[in-house]
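Chain residues, written in single-letter form:
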Amino acid sequence: MRAGSGDIELAGLSKTYDGVTNVVDGVNLKIPDGAYCCFLGPSGCGKTTILRMIAGHEEPTAGEIVIGGENVAGMAPVERRTAMMFQSYALFPHLTVRDNIAFALRVRGQSRADRYRAAELMMEKVRLTELADRLPANLSGGQQQRVALARAAITEPRVLLLDEPLSALDEQLRVQMRQELRRMQRELGITFVHVTHTQLEAIALADIVVVMEKGKIKQAGPARDVYAHPRDRYVAEFLGGQNVLSGKVEKVGEGLVVLSQPNRSEIQIRLGTDARVAVGDRIDLAVRRDDIELVRADAGGPADGATALPSRVTAIEYQGSFVKVMLDTVPDEDFVAYIPERTFFRDPFNVGDVLLATWSAGRARVLA
Amino acid sequence: MTVVLGETDMPMIRTRRIPAVTRADRRPWTFYALATVFILYVVALYGPMICIYILSFQDIRGGLVFPMKGRSLHWFIDLFTQVRTGDVKGSFDRSIKLAVLVTVVTLVVSLMAGLAFRRRFFGDSVVFYLMIGSLVAPGLVLGLGTGLLFQWVGISPTWYTSALGAQLSWTLPFGVLVMFAVMSRFDSVWEEAARDLGATRWQTIRLVVIPVLAPGLVAVALFGFTLSYDEFARTLQTAGSLNTLPLEIWSMTLNVTSPSLYALGTVTTIVSFIIIGACIGAIIAINKRRGVRATGH
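## Description of the overall build of chain A
Here is step 1: Scanning chain A for helices and strands turns up 10 helices and 20 strands.
Here is step 2: By its C-alpha atoms, chain A is 80 × 45 × 35 Å across when sized along the principal axes.
Here is step 3: The burial tally for chain A puts 42% of its 368 residues in the buried class.
Here is step 4: Considering only residue pairs separated by 6 or more positions, chain A has 66% of its internal contacts joining residues 24 or more positions apart.

## A word on the sheet that holds strand β4 (residues 62–67) of chain A
The strands making up a sheet associate through hydrogen bonds between their backbones, and the pairing can be parallel or antiparallel.
Residue and element names in this part refer to chain A.
Here is step 1: The sheet built from 4 strands is open, its strands ordered β2-β1-β4-β5 with antiparallel pairing. One side of each edge strand has no neighbouring strand; the edge strands of this open sheet are β2 (22–31) and β5 (70–71).
Here is step 2: For strand β1 (residues 8–16) and β2, the ladder comprises 6 bridges, and the chain directions are antiparallel. Bridge pairing in β2 places L13 opposite V27.

## Describing the sheet that holds strand β19 (residues 354–359) of chain A
Residues and elements named next belong to chain A.
Here is step 1: In spatial order, the strands read β15-β19-β16-β17-β18; together these 5 strands make up an open sheet with antiparallel pairing. Both outer strands of the open sheet, β15 (293–296) and β18 (335–340), are each paired with one neighbouring strand and no more. Within the sheet, the average angular offset between the axes of one strand and its neighbour, ignoring direction, is 50 degrees.

## Some thoughts on the interface of chain B and chain A
Here is step 1: The interface of chain B with chain A comprises 19 residues on the first partner and 22 residues on the second.
Here is step 2: Of all the elements in the fold, those that place two or more residues in the side of chain B that touches chain A are α8 (189–196) and α9 (201–229) of chain B.
Here is step 3: If one sorts the elements of the side of chain B that touches chain A by residue count, α8 of chain B sits on top with 6 residues.
Here is step 4: Of the residues assigned to the side of chain B that touches chain A, the class counts are 10 nonpolar, 5 polar and 4 charged.

## Topic: helix α2 (residues 29–55) of chain B
Residue and element names in this part refer to chain B.
Here is step 1: A rise of 1.5 Å per residue sets the reference length of α2, with its 27 residues, at 39 Å; its end C-alpha atoms lie 38 Å apart and thus fit the reference within 8%.
Here is step 2: Roughly 40 degrees is the biggest bend found in α2, and it falls at Y46, with proline P48 one to four residues downstream.
Here is step 3: Counting buried residues in α2 gives 1 out of 27 residues, a small share hidden from the surface.

## Re the nonpolar core
Here is step 1: In this structure, I54, A150, L160, L161, V209 and V210 of chain A are the most contacted members of the largest nonpolar core, which totals 140 residues.
Here is step 2: Mapping this core onto the domain boundaries places at least three of its residues in each of domain 1 (8–228) and domain 2 (241–367) of chain A.
Here is step 3: Apart from residues lying up to four places away in sequence, V209 of chain A is in contact with C38, L40, A202, I203, G221, A223 and V226 of chain A.
Here is step 4: Ranked by size, the runner-up nonpolar core spans 11 residues in total, among them L55, M252, L261 and L264 of chain B.

## Quick word on the domain arrangement of chain A
Here is step 1: Domain assignment breaks chain A into domain 1 (8–228) and domain 2 (241–367).
Here is step 2: Computed from C-alpha coordinates alone, the two centres of domain 1 of chain A and domain 2 of chain A are separated by 40 Å.

## Considerations on unusual backbone geometry
Residues and elements named next belong to chain A.
Here is step 1: Backbone geometry places R81, a non-glycine residue, at a positive phi of 60 degrees.
Here is step 2: Counting through the fold element by element, R81 comes out in the loop between α2 (77–80) and β6 (82–85).
Here is step 3: The backbone of R127 shows a phi angle near 55 degrees, a positive value even though the residue is not glycine.
Here is step 4: Counting through the fold element by element, R127 comes out in the loop between α4 (112–125) and α5 (141–153).
Here is step 5: R127 gets classed as exposed once you count the C-beta atoms within 10 Å, which come to 12.

## So, helix α6 (residues 171–188) of chain A
Here is step 1: Here α6 of chain A spans 26 Å end to end across 18 residues, near enough to the 26 Å set by a 1.5 Å rise per residue.
Here is step 2: Backbone geometry just downstream of α6 of chain A places G189 of chain A in the positive-phi region, at approximately 65 degrees.

## What to know about the environment of R282 of chain A
Residue and element names in this part refer to chain A.
Here is step 1: Positionally, R282 belongs in strand β14 (residues 282–288).
Here is step 2: Taking the C-alpha atoms as reference points, R282 and D232, 50 residues apart in sequence, are found 13 Å from one another.
Here is step 3: The residues touching R282, leaving out its near neighbours within four places in the chain, are S246 and K248.

## A few points about the pairing of strand β16 (residues 307–318) of chain A
Residue and element names in this part refer to chain A.
Here is step 1: Sheet topology note: the β16/β19 ladder contains 6 bridges and is antiparallel. What sits directly across from P310, in β19, is L356.
Here is step 2: The hairpin formed by β16 and strand β17 (residues 322–327) contains 3 residues between the paired strands, and G320 there has a positive phi angle of roughly 100 degrees.

## As for the pairing of strand β8 (residues 191–196) of chain A
Residue and element names in this part refer to chain A.
Here is step 1: Within β8, 6 of the 6 residues are buried, leaving the element largely enclosed by the surrounding structure.
Here is step 2: Taken together, the 5 bridges between strand β3 (residues 36–40) and β8 define a ladder with parallel strand orientation. Residue Y36 lies in a different strand from β8, and its bridge partner there is F192.
Here is step 3: The sheet contact formed by strand β7 (residues 159–163) and β8 spans 5 bridges and is parallel.

## Topic: the environment of S311 of chain A
Residues and elements named next belong to chain A.
Here is step 1: Looking at where S311 falls in the secondary structure, it is placed in strand β16.
Here is step 2: Taking the C-beta count within 10 Å as the criterion, S311 has 22 such neighbours and is therefore assigned buried.
Here is step 3: Residues S311 and M326, spaced 15 residues apart in sequence, show a C-alpha to C-alpha distance of 9.6 Å.
Here is step 4: If sequence neighbours within four positions are ignored, S311 has contacts with L327, D328, T329, F335, L355 and A357.

## Quick look at the packing of α5 of chain A against α6 of chain A
The relative placement of two packed helices comes down to the angle between their axes together with the axis-to-axis distance.
Residue and element names in this part refer to chain A.
Here is step 1: Remark: α5 packs on α6, axes separated minimally by 11 Å, with the N-to-C direction vectors making an angle of 20 degrees. In terms of orientation, α5 and α6 fall into the roughly parallel class. For the element pair α5 and α6, the recorded crossing hand is right-handed. Two secondary-structure elements touch here, α5 through G141, G142, Q145, L149 and A153 and α6 through L173, Q176, M177, M184 and L188.
Here is step 2: Residue classes in the contact of α5 with α6 are distributed as 6 nonpolar, 4 polar and no charged.

Rules of the game
Residues numbered from 1 in each chain as written. Chains lettered and ligands numbered in written order. Predicted model: local features only at pLDDT ≥ 70, side-chain atom pairs only at ≥ 80, totals over all residues. Helix = DSSP H or I, 4+ residues; strand = E, 2+ residues; numbered from the N terminus. Buried ≥ 20, exposed ≤ 12 C-beta atoms within 10 Å, placed from the backbone. Contact = placed C-beta atoms within 7 Å. Pairing = 2+ DSSP bridges. Axes fitted to C-alpha atoms, helices over the stretch in contact; angles between N-to-C directions. Nonpolar A, V, L, I, M, F, W, Y, C, P; charged D, E, K, R; others polar. Expected span 1.5 Å × (residues − 1). Bend = angle between axes of the 7 residues up to and from the residue. Core = buried A, V, L, I, M, F, W, Y, C linked by C-beta atoms within 7 Å. Domains from an automatic or database assignment. Parallel < 35°, antiparallel > 145°, perpendicular 65-115°, else oblique. Left-handed = near helix turned anticlockwise from the far one by under 90°.

Listed below in C-alpha cells is the structure:
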C-alpha cells in the first residue's frame, strides 16, 4: 500500500451554500498524524460540513485541505485515502456482514477469494467472525458500528472520518463503543476525525478537541486544556464543569479586583501574563465547579486572598461520587458546586441554607 | 377479461403483517354487520369470474349459461385445436411478448425517472403533470390518435410498434408513480457510502441501488406486465392486423358462442395468477433473505 502520513491541514477553509452565509468560515487547523481529533459543537455549527469536505463528499468554497502534504482538492475519497463512517452507518442492507466489509475490494476488482480473505482478517480484528453471514437488519447497534468501522478500515485509509458515530446507540453501549473506537484507533495507528455534539464523548476520546461555533473554531487543543482552561464564555459553558461570572474591573494591581455584582464581595483573580485588562472593563471569569468549597455562613471568614460569595442553596442532586449543589450566587445564572460525596455528608446542607461559596484566588480565570 | 388485477397487486407491496386479532369474548353487532357487507363485496367481486371458470369445465353439450352440463376439459382442448375459435395461440404469444417488452421499457424508464425526480430540475413539475395527463386521457381516444399518427407518418401500425407506444403511455405513469413510493424509502447515504468506498457511478447503481430497490422493481415490473397483458382500449386501434389476446377475446365474444370462450378466460386467469404468484414469491424471498421481519439480537 502507498505510504503516506495522515496529518491534516486546513487552511482558510470556507463553505457557503447560498453565497451569503458561511457554514464554515475561514477555518485553520493542523491535526498531526495518528491523532484522535474531535470536532465539538451544537448542530449547525459546521462541524459535519468540515468532515464531509475532508472526506471529499463536498467541495470547499475557499481554502485548502492538505492531507499528508498533498493538496486533495478535487480528489475522490479513495484517492485521498480517507474513509468515512456515516452517522447511521449506511450499511448496505442487501449484503451480509462479510460482503459489506469486502465491498471496497469488490469495486476494485479483487477476486472473491482475495477479498474474502482480507474481510476475514478484518472481521477477526473487530470480533465479527461469528456474524459474517448476518445481514445488517439482524445486528445490534454496536455490531452495526463495528461493521461500519471494518468496512471503512479495509480500504487502509490514512484518515478515518466519523460522523456522530455514537449517536445511534443507547447510553450504556455508547460508553462501551467509545472505548472500542479508541482501541481501534490505536490499533490502526491512523488519524481519526470524529464529529460530536456531546462534550463528554469529545473529552473522553480526543487528543485534540476542536470547539466550534457558527462555522468558526472557538478553541482547539488537548482535551484537558480546553476543559480546564476554556478561552471564552462560549467554550466554558459548552464544555460545562465551569461557573461563569461577569463583573466590572475595579482595580488592577498585582492581582486583579472585580466587583461581581452590587452588594457582592470582592473577587480576586490572579492575572495571566498575557491578559490585558483595564479598570472599568467588563470581563467574564470562570471557576471550576469542583474548585468551589462551601462553608456555613457562621464558620468565620475565608482565608486570605480567597473569595467568598454569600449564597442560598436552591437545589441538591446526589450524583454518586459527588454531590451537585445549586446556588443562587449570581442572579439569573447557574452557579453550581461539585462537593465530594464524603465531604458533603460530613455536614450535609439543605435547600434554603445560606452559605459562603469560596475559592482561593488562583482558581478563577479570566475569559476572553 | 382476464382477472381483476387492481385488487390483487396492491397488497403484495406491503411487507408488514397485520397483528393477530385478540379474540374478544363478545363481538359488537357492528362486527357482524360489516362482515356481511364484506362478504357480499367479495361475492360480487369474484362471483362472476368464478361462474365463468365453472362453466368452462362442461362437456361437449355445454352451453353459455347455467345449469352445468357434464364435466370435462373438452372446451380447453377445443380452444387450442379448433381454428374457428380464433387465433388464440398466436394472440396469446403476441400478448406475452408485448407484455415483456412493455415491462422492460417500463422498468428501465421508471427506475431512471425515480432516480432523477429525487432532485428538483428545470421543468420537473411540467414533466410530472404531462405524465399524469397521459394517465387520465381516455384510452380509446389516445389509441385512436396513436393509430392515426402512425398512419399519417406512414408506418403501418403493428402490435410491436404503435401498440407498444400506446401501452407505454399507460404503464409508464403507473410505473413511475410506484417507483416514487419505492424511492421514498431509499436513503441516498448508501450511494454516498459506495462512493466513499471507491465505487464508480455505474458500480453504485449495479451493486447498491438496484439490489436495494429490487423488491420495488419487481412490483413495478408486475404492474407493467399485468397492465399490458390486460390492455384493451389503447391497443384496439393500434395493434394493426394481428390481435393481442384481449382483442381476440373481445372479437370472440362477438362470434364464438361456446364455452371455449370461458375456457380461454380460465386459462388467461391461470397465467395471470402464475405471474403474480411468481412476483409475490420473489418479493417475499428477497425480504426474507434480508431479514426484514427478523429482529436484532
